[in-house]
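Here's the letter readout for the chains.
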Amino acid sequence: MTQALLAPIYDFLHCETPALWVDVALENQTVMLIDHANCEKKAAATAMSLMTKYLDRTELLFCAARLAREELHHFEQVVEIMQKRNITYTQLSPSRYASGMIKHTRHHDDLNILVDRLIIGAYIEARSCERFAKIAPHLDETLSRFYTSLLRSESRHFADYLALAEQYAGTDISERVEEFGRIEAELILTPDEQFRFHSGVPVTLLTSGC
């Protein structure tokens, strides 16, 4: 079942998460959990933003409403895990990941903006799903079970975003999807200044000779 869920994700993404990122994540699980909570909260906020801006697109309203509910539920679950582990929910600076894709959004008209936002949403959800699957086998039983349980919803969110992008574009968007795929892969594979759930490999690890 897991492989069936992940197959479209692997076909969509242009690269896998580097093993070095997994190594850093395992050594920084507190930061990983805090940033994971932030990611769930931001995902819910993004869905709510789409619902607020595009009132005339019924399919988007229903899809975004369901997504927001699920992301907020995931946020609650992460915070609950943090509380049980005595992890304080502190402020973290955002990663470059989402902004690194958003800056390539077209601003010619509202339709192009919407399509690009949906494509970016698809990549964020797909990468989240891929990373949950990548790190889950290396975590303790509680976290492993939790991250594995998220695969179904994250893979559905990816598919929903991509389907809506194709629907509203009304034309072939494969080139635009590929362009964002290359951008997303570069953000994942190049050195990063900090460790976050969607970061590249932190430069501190690369320079340490590990």
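Treat the numbers as computed from the prediction; the structure is a model and nothing was measured.

Caption draft 1: A look at the overall build of the chain. When you go through the chain residue by residue, the secondary structure sums to ten helices and zero strands. If you list the helices and strands of the chain from N to C, you get α-α-α-α-α-α-α-α-α-α. Referenced to the eigenvectors of the C-alpha coordinate spread, the extents of the chain come out at roughly 45 × 35 × 35 Å. Looking at the chain as a whole, 51% of its 210 residues qualify as buried. Restricting to contacts in the chain with at least 6 residues of sequence separation, those with at least 24 account for 80%. In the form shown here, the chain has an accessible surface area of approximately 10300 Å², with 54% of it arising from carbon and sulfur atoms. The chain carries 21 positive and 30 negative side-chain charges, and their two centres are separated by 3 Å.

Caption draft 2: Helix α9 (residues 174-189), seen in detail. Between its terminal C-alpha atoms α9 stretches 22 Å, which fits the 22 Å expected from 16 residues at 1.5 Å a residue. Every buried residue belonging to α9 is among Arg176, Val177, Phe180, Gly181, Ile183, Glu184, Ala185, Leu187 and Ile188, and all of these are buried.

Caption draft 3: Here's a closer look at the side chain of aspartate 160. Residue placement: aspartate 160 occurs in helix α8 (residues 151-169). For aspartate 160, a relative accessible area of 19% corresponds to the buried category. Residues in contact with aspartate 160, not counting those within four places in the same chain, are Cys63 and Arg66.

Caption draft 4: Molecular detail of the pattern of salt bridges. Tallied over the full model, the rule gives twelve salt bridges. For the salt bridge of glutamate 16 with lysine 134, the shortest nitrogen-to-oxygen distance reads 2.8 Å. Taken together, the positions of glutamate 16 in the loop between α1 (2-12) and α2 (19-27) and lysine 134 in helix α6 (residues 110-135) put the pair 118 residues apart, joining distant regions of the chain. For glutamate 16, a relative accessible area of 49% corresponds to the partly exposed category. Three or more residues are tied together by salt bridges with common partners; here these are Arg106, Asp116, Arg176 and Glu179.

Caption draft 5: Molecular detail of unusual backbone geometry. The backbone phi angle of asparagine 86 is positive, close to 55 degrees, even though this residue is not glycine. Position of asparagine 86 among the secondary structure elements: in the loop between α4 (58-84) and α5 (97-102).

Caption draft 6: Spatial organisation of the side chain of glutamate 40. With respect to the helices and strands, the residue glutamate 40 is situated in helix α3 (residues 29-53). Among buried charged residues, glutamate 40 stands out as having no salt bridge; its nearest opposite-charge side chain is arginine 156, 11 Å away. In this view, glutamate 40 contacts Glu71, His74, Phe75, Phe132, Leu150 and Glu154; residues no more than four positions away in its chain are not counted.

Caption draft 7: Layout of the packing of aromatic side chains. Under the definition given, this model contains nine aromatic pairs. Ring geometry for tryptophan 21 against phenylalanine 195: centres 5.7 Å apart, planes inclined by 40 degrees, an arrangement best described as tilted. With tryptophan 21 in helix α2 and phenylalanine 195 in the loop between α9 and α10 (203-207), the pair connects residues that are 174 residues apart, well separated along the chain. Residue tryptophan 21 is classed as buried on the basis of its relative accessible area, which comes to 0%. With relative accessibility at 8%, the residue phenylalanine 195 sits in the buried group. When the ring of phenylalanine 132 is compared with that of phenylalanine 197, the centres are 5.2 Å apart and the planes differ by 45 degrees; the resulting orientation is tilted. Here phenylalanine 132, found in helix α6, pairs with phenylalanine 197, found in the loop between α9 and α10; they are 65 residues apart in sequence, far enough to count as distant.

Conventions we followed
- Residues numbered from 1 in each chain as written.
- Predicted model: local features only at pLDDT ≥ 70, side-chain atom pairs only at ≥ 80, totals over all residues.
- Heavy atoms only, no water.
- Helix = DSSP H or I, 4+ residues; strand = E, 2+ residues; numbered from the N terminus.
- Buried < 20%, exposed > 50% of the residue type's maximum accessible area, 1.4 Å probe, protein only.
- Contact = heavy atoms within 4.5 Å.
- Areas by Shrake-Rupley, 256 points an atom, 1.4 Å probe, with all protein chains shown as cover.
- Lys, Arg positive; Asp, Glu negative; His and termini not counted.
- Charge placed at Lys NZ, Arg CZ, Asp CG, Glu CD.
- Expected span 1.5 Å × (residues − 1).
- Salt bridge = Lys/Arg side-chain N within 4 Å of Asp/Glu carboxyl O.
- Phe/Tyr/Trp six-rings, centres within 6.5 Å; stacked < 30°, edge-to-face > 60°.

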